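# Geometric and topological summary
This is what each chain is made of:
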Amino acid sequence: MRALVALLSTAVIAGSVVVAPTASAAPSPVGAPGAGDPYFPGYGNGGYDVRHYRIDAGYDSERGRLRGTTRIRAVATKRLTRFNLDLLLDASSVRVDGRRAKVSQRGRELVVTPARALRKGEKFVATVRYAGRPATVRRNGVSPFLTTDSGAVAVGQPEVAPWWFASNDHPSDKATFDIRLRAPRGQQAISVGRLAGRRAVAGGTQWRWVMRKPMATYLAFAAWGRFRIERGKAGGVRYLYAYDKALGPTVRRRAVRSMRATPKVTAFLSRRLGPYPYGDLGGVVTSAPLGFALETQARPVYDADFFRHGYSLESGRNTSVVAHEIAHQWFGNSVSLRRWRDIWLNEGLATYMEWLWDESRGLGSVQAVFDDWYEGTTKRFWRLPIGRPGRAHLFDNAVYVRGAMTVHVLRREIGDAAFFSLLRQWVRERRHGNGTTAQFVALAERVSGQQLDGLFDAWLYGRTRPAR
C-alpha cells in the first residue's frame, strides 16, 4: 500500500484474548476465535484451513444494500465441534456440508456449530448467506466500504473482507477465489484475477472473476460502478484496466498513461526478481476518496489523486506508484506475511523496488534518495522500531522508508550479486506462501555467508539513527 501524502495509521481495534490451555488440559474441540496474531487477536480463526472461496455478491447502489453468499471449502486441522468465521454483515443462515448449523454472531465473530463434529483432517464446505448495508458499518472508526457516484468499492488493509464476505480473515490462511459480482444494468463489477465471463441475470449482469493462486483475504476487492475498461495482452500476461467514468478528462488521461506503463514496470521488476507470479495484470482507478493505493492481487486499486497532483507526476503520468504496487505482487501478495508485525517486509521491499524503478528513469540514484532521507529525518522518525512497529503504527512513513533504507544497507553490505540472488531466492522458495523477518534474515545470511544480526538489529529494532 502507498498513501498519497501521509500514510494512514491503522486504528487500534479491540479483539478477544485467547487464553492458552495448560499443559495438562485436554485439547479443545473448539476453533479459536483468532489466528494468534498479537496485533489483531480477533482477526482470523483457528481449527481449520481454507482452500477455496466462492463468493456471490450483489450491491444495490440505490438502497446501499449488499446481499451475498460465501461458500468456503476447508479442512479441519483439529476435531471441531465449533468454529468461527469473520463477518460484519448479518448472517441469515449457515450450512455445513448441506446441513443447517447453529450460529451466533457478535461483532465480527460468526460462531458456527455444525450438526455433527468435524474430524481432524476432514474436508468440509460451509455456506453462509448474509446481507446488510456495509457502507454504514464502522468498526472502531474504520469503514473500508466506500460509496461512489455510481456504485461502491470495498478495499482496505488489513480491514475489508468482513464487510462483504465471510472468511478466515488473516494472511496466514491463503486460498483461491471464485468471485461472482452482480451489478445493475449500465454498471460493471470489477475484482481480482481473470475475468472468466459475464452473464445476464435479473436486473443486470453477473461478472465472474477467478484467482487461481492463493491469496490473502485483504487482497480481494470488489468495485461496482460505471467504468471504462481496457483489455489486452502484453508479454504473455493478460491485462485489464478500469477507469471510473466520473474521473475528469485530465485525470483520466494521466491515469491511462500511467496504467499503460504497467507491463513495462512488470518486465523491469521481473528481470530483477524472477517471473511475475500471476497470469493477470492491471489496475483500477476509482473516484472514491481512498487516500491510498493498494496492491489488490494482480489488479491494484488507485485513488484518482495519484494522477491529479503535480508533485506525483513526471511527464504527465505517475509510474512510481505503479512500480510500488506491482512490486507488492512479489512482496506481500505471492510471499505474504505470517504476522502483521513484519509489515516492513512488504512495504520496505516494495518501496525499494520503486526507488530502483525511479533510478532507471533518471530521477535520481537510489544512493542519493537514501542519503536525502538519512540526513533529512528527525529523531522521531528513528524512534519507531519498524521490525515491531505496534498495531497503531503499521503504516507509519518510517515503516516504508526506513524499511527501504534497511534493504539498501543490506545490499551495500553483501554486494549486488548476493543481494539480487537473495531476492530471487526469497520469492521463488516462498512463492504463493508466507514468510517472516526471521526467515528473511536467515536466508540473507545463508546466501551471503555473512553474519547479519547487527545490521538488522540496528536498522529494524534500534530507536536511534544507525551509523551508515
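Remember, it's a predicted structure, so these values are computed and weren't measured experimentally.

## Some thoughts on the sheet that holds strand 14 (residues 194-201)
Ordered by their spatial adjacency, eight strands build an open sheet running 6-5-9-3-2-12-15-14, and the pairing between neighbours is mixed. Every other strand in the sheet has two partners, leaving strand 6 (99-100) and strand 14 as the edge strands with one partner each. Note: strand 3 (residues 65-76) against strand 9 (residues 123-132), ten bridges, orientation antiparallel. Bridging across to strand 9, Val 75 finds its partner in Lys 123.

## Quick word on the packing of helix 7 (residues 397-414) against helix 8 (residues 416-429)
Running from N to C, helix 7 and helix 8 point in directions that differ by 130 degrees, and their axes come no closer than 6 Å. If you check the angle between helix 7 and helix 8, you find them oblique. Counting all contacts with helix 7, which are made through Val 407, Leu 410, Arg 411 and Ile 414, the residues of helix 8 involved are Asp 416, Ala 418, Phe 419, Phe 420 and Leu 422. In the contact of helix 7 with helix 8, the residues fall into seven nonpolar, no polar and two charged.

## Description of the packing of aromatic side chains
A full pass over the atoms with the stated rule returns 30 aromatic pairs. With a centroid separation of 5.9 Å and an interplanar angle of 90 degrees, the aromatic rings of Phe 165 and Phe 177 are classed as edge-to-face. In this pair, Phe 165 sits in the loop between strand 11 (152-154) and strand 12 (175-184) while Phe 177 sits in strand 12, placing the two residues twelve residues apart along the sequence. By relative accessible area, Phe 165 is classed as buried at 0%. For Phe 177, a relative accessible area of 0% gives the class buried. Pairing Tyr 374 with Trp 382 gives two aromatic rings, centres 6.1 Å apart and planes at 70 degrees, and the pair type is edge-to-face. On the basis of relative accessibility, which here comes to 3%, the residue Trp 382 falls in the buried class.

## Some words on the pairing of strand 19 (residues 280-286)
Counting buried residues in strand 19 gives seven out of seven residues, a clear majority hidden from the surface. Covered by surrounding structure in strand 19 are Asp 280, Gly 282, Val 284 and Thr 286 together with Leu 281, Gly 283 and Val 285, the residues of both alternating faces. Relative to strand 19, strand 18 (residues 237-244) runs parallel, the two sharing six bridges. Each bridged residue has a counterpart across the sheet, and for Tyr 243 the counterpart in strand 19 is Val 285.

## Looking at the sheet that holds strand 19
With mixed pairing, six strands are arranged side by side in an open sheet as 1-20-21-19-18-17. Of all the strands in the sheet, the pair left with one neighbour each is strand 1 (2-3) and strand 17 (227-234). Against the sheet, helix 2 (residues 262-273) engages strand 17, strand 18 and strand 19, with an angle of about 130 degrees to strand 19.

## Some points on the pattern of salt bridges
Tallying each qualifying case throughout the model produces 20 salt bridges. Among the salt bridges present, the one from Glu 122 reaches Arg 116, with a minimum N-O distance of 2.4 Å. A relative accessible area of 9% means that Glu 122 is categorised as buried. Among the salt bridges present, the one from Glu 122 reaches Arg 119, with a minimum N-O distance of 3.8 Å. Classification of Arg 119 as exposed rests on a relative accessible area of 55%.

## A look at the side chain of Glu 230
Counting through the fold element by element, Glu 230 comes out in strand 17. Under the relative-accessibility criterion, Glu 230 is labelled buried at 12%. Within the structure, Glu 230 has its side chain in polar contact with the side chain of Arg 228 (distance 3.3 Å). In terms of polar contacts, Glu 230 uses its side chain to reach the side chain of Arg 260, at 2.8 Å. Excluding residues within four positions of it along the chain, Glu 230 makes contact with Tyr 239, Leu 240, Tyr 241, Tyr 243, Val 256 and Arg 260.

## Brief notes about the nonpolar core
Most often, soluble globular proteins have nonpolar side chains that are buried together. Membership of the largest hydrophobic core comes to 151 residues, with the highest contact counts inside it found for Phe 83, Trp 164, Phe 440 and Phe 456. Apart from the residues within four sequence positions on either side, Phe 456 is in contact with Trp 344, Thr 406, Leu 410, Phe 440, Val 441, Ala 444 and Tyr 461.

## So, helix 8
Along its 14 residues, helix 8 runs 20 Å from first to last C-alpha, staying within 8% of the 20 Å computed at 1.5 Å per residue. The elements touched by buried residues of helix 8 are helix 2, strand 22 (335-337), helix 4 (343-360), helix 7, strand 23 (433-435) and helix 9 (437-448).

## Side note on unusual backbone geometry
Looking along the chain, the bond that leaves Gln 157 and enters Pro 158 is cis, with omega of -5 degrees. Along the chain, the position of Pro 158 falls in the loop between strand 11 and strand 12. Of note, the phi angle at Asp 97 is positive, near 55 degrees, even though the residue is not glycine. Its place among the elements puts Asp 97 in the loop between strand 5 (90-96) and strand 6. If you check the backbone angles, His 432 has positive phi at about 65 degrees while not being a glycine.

## Looking at the packing of helix 7 against helix 10 (residues 453-461)
Closest axis-to-axis distance for the helix 7/helix 10 pair is 9 Å, and the angle between their directions is 160 degrees. Between helix 7 and helix 10, the angle falls in the class roughly antiparallel. For the pair helix 7 and helix 10, the sense of crossing is right-handed. Across from Arg 402, Met 405, Thr 406, Val 409, Leu 410 and Glu 413 in helix 7, the residues of helix 10 making contact are Leu 455, Phe 456, Ala 458, Trp 459, Leu 460 and Tyr 461.

## What to know about helix 7
For an α-helix, the turn length of 3.6 residues means that residues three or four places apart are oriented alike. The terminal C-alpha atoms of helix 7, which comprises 18 residues, lie 26 Å apart, in line with the 26 Å expected from a rise of 1.5 Å per residue. Most of helix 7 is tucked away: 15 of the 18 residues are buried. For helix 7, the N-terminal cap is Asp 396; the gap from its side-chain oxygen to the backbone nitrogen of Ala 398 is 2.9 Å. Gly 415 lies just past helix 7 and shows a positive phi near 90 degrees.

## Considerations on the environment of Asp 37
Within the fold, Asp 37 resides in the loop between strand 1 and strand 2 (48-60). Residue classification places Asp 37 among the buried positions, given a relative accessible area of 1%. In this structure, the C-alpha to C-alpha distance between Asp 37 and Val 210, residues 173 residues apart in sequence, is 28 Å. Apart from the residues lying within four places of it in its own chain, the contact partners of Asp 37 are His 170, Arg 339 and Trp 340.

Parameters at a glance
- Residues numbered from 1 in each chain as written.
- Predicted model: local features only at pLDDT ≥ 70, side-chain atom pairs only at ≥ 80, totals over all residues.
- Heavy atoms only, no water.
- Pairing = 2+ DSSP bridges.
- Helix = DSSP H or I, 4+ residues; strand = E, 2+ residues; numbered from the N terminus.
- Axes fitted to C-alpha atoms, helices over the stretch in contact; angles between N-to-C directions.
- Parallel < 35°, antiparallel > 145°, perpendicular 65-115°, else oblique.
- Contact = heavy atoms within 4.5 Å.
- Nonpolar A, V, L, I, M, F, W, Y, C, P; charged D, E, K, R; others polar.
- Phe/Tyr/Trp six-rings, centres within 6.5 Å; stacked < 30°, edge-to-face > 60°.
- Buried < 20%, exposed > 50% of the residue type's maximum accessible area, 1.4 Å probe, protein only.
- Salt bridge = Lys/Arg side-chain N within 4 Å of Asp/Glu carboxyl O.
- Polar contact = N/O pair within 3.5 Å; in protein donor to acceptor, adjacent residues only side chain to side chain.
- Core = buried A, V, L, I, M, F, W, Y, C linked by side-chain atoms within 4.5 Å.
- Expected span 1.5 Å × (residues − 1).
- Left-handed = near helix turned anticlockwise from the far one by under 90°.

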